[in-house]
Amino acid sequence: MNKHAVLQLILEKLTVDLDIAQRAAQTAYETATHEENIAENKYDTLGLEASYLAAGQAKRVEEIKQSLALCQNLPLRAYDDQRGIEVGTLLGLEDENGRQQWLFLAPDAAGLKVDVVGQPVTVITPRSPLGKSLLGKFEGDEVEILVAGARQHFTVTEAR
């Protein structure tokens, strides 16, 4: 698995998500400002509700733009076995039940998933408990995080 290809897929997905969010924000704005949605009495809240939706959509657009900019400016370096895992590392992780997963440690866009030749890759950030615990780790290292009161153990199987 090539981390340059993974980053390209992440950028493509963010670009598509941005386009969808921009169209949704525009539609919500048009609904909020349409003359038919002017309140006729205090119980007529369609225009107000649409304005809340428009504001939320606009915020989502800005969040995606930020994620896209941070990922576009991410310098990808080869994995350095002296420095360990850092932002820009593609890594394989195995849980205590032997389930393998692929993660990409990015500066933003947490939770985004891309498919690389049938293999899902999930974006995590250093702000997450797992991302924070992985920073500086090496292949073969184990990490432990606490999720909803339960301890989870993982082993780094690969890092690129």
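Residues numbered from 1 in each chain as written. Predicted model: local features only at pLDDT ≥ 70, side-chain atom pairs only at ≥ 80, totals over all residues. Heavy atoms only, no water.

1. Considerations on the confidence of the model for the protein chain
The share of residues in the protein chain with pLDDT of 70 or more is 93%, and the mean pLDDT across the chain is 92. Predicted confidence in the protein chain is weakest over helix H2 (residues 46-72), with a mean pLDDT of 90, and strongest over strand S2 (residues 100-105), with 98. (pLDDT = per-residue confidence, 0-100. Helix = DSSP H or I, 4+ residues; strand = E, 2+ residues; numbered from the N terminus.)

2. Thoughts on the pattern of salt bridges
Counted under the stated rule, the structure contains 10 salt bridges. Taking the shortest distance from any N to any O, the salt bridge between arginine 127 and aspartate 108 comes out at 3.2 Å. Of this pair, arginine 127 sits in the loop between strand S4 (119-124) and helix H3 (129-134) while aspartate 108 sits in the loop between S2 and strand S3 (113-116); the two residues are 19 residues apart in sequence, bridging distant segments of the chain. By relative accessible area, arginine 127 is classed as exposed at 58%. Judged by its relative accessible area of 12%, aspartate 108 falls in the buried class. Taken together, the shared-partner salt bridges connect Arg77, Arg83 and Glu86 into one network. (Salt bridge = Lys/Arg side-chain N within 4 Å of Asp/Glu carboxyl O. Buried < 20%, exposed > 50% of the residue type's maximum accessible area, 1.4 Å probe, protein only.)

3. Quick notes on the nonpolar core
Ranked by internal contacts, the top residues of the largest apolar core, which has 24 residues, are Val6, Ile10, Leu14, Phe104 and Val121. Mapped by element, the contributors of at least two residues to this core are helix H1 (3-33), H2, S2, S3 and S4. Residue contributions to this core peak at 8 residues, all from H1. Both domains that furnish three or more residues to this core are identified here as domain 1 (1-71) and domain 2 (87-157). Discounting chain neighbours no more than four positions away, the residues touching leucine 14 are Ile64, Ser67, Leu68, Cys71, Ala109 and Leu112. (Core = buried A, V, L, I, M, F, W, Y, C linked by side-chain atoms within 4.5 Å. Domains from an automatic or database assignment. Contact = heavy atoms within 4.5 Å.)

4. As for the sheet that holds strand S1 (residues 90-95)
As summarised here, the arrangement of the 6 strands in space is S3-S4-S2-S1-S6-S5, forming an open sheet in which the pairing is mixed. A strand with exactly one partner marks an edge of an open sheet, and here the two such strands are S3 and strand S5 (142-147). In this sheet, neighbouring strand axes are inclined to one another by 40 degrees on average, regardless of whether the strands run parallel or antiparallel. Here 5 bridges tie S1 to strand S6 (residues 150-159), and the two strands are oriented antiparallel to one another. The residue bridging leucine 91 from the neighbouring strand is alanine 159, located in S6. Contacting S1, S2, S3 and S4, H1 crosses the sheet at an angle of about 130 degrees to S3. (Pairing = 2+ DSSP bridges. Axes fitted to C-alpha atoms, helices over the stretch in contact; angles between N-to-C directions.)

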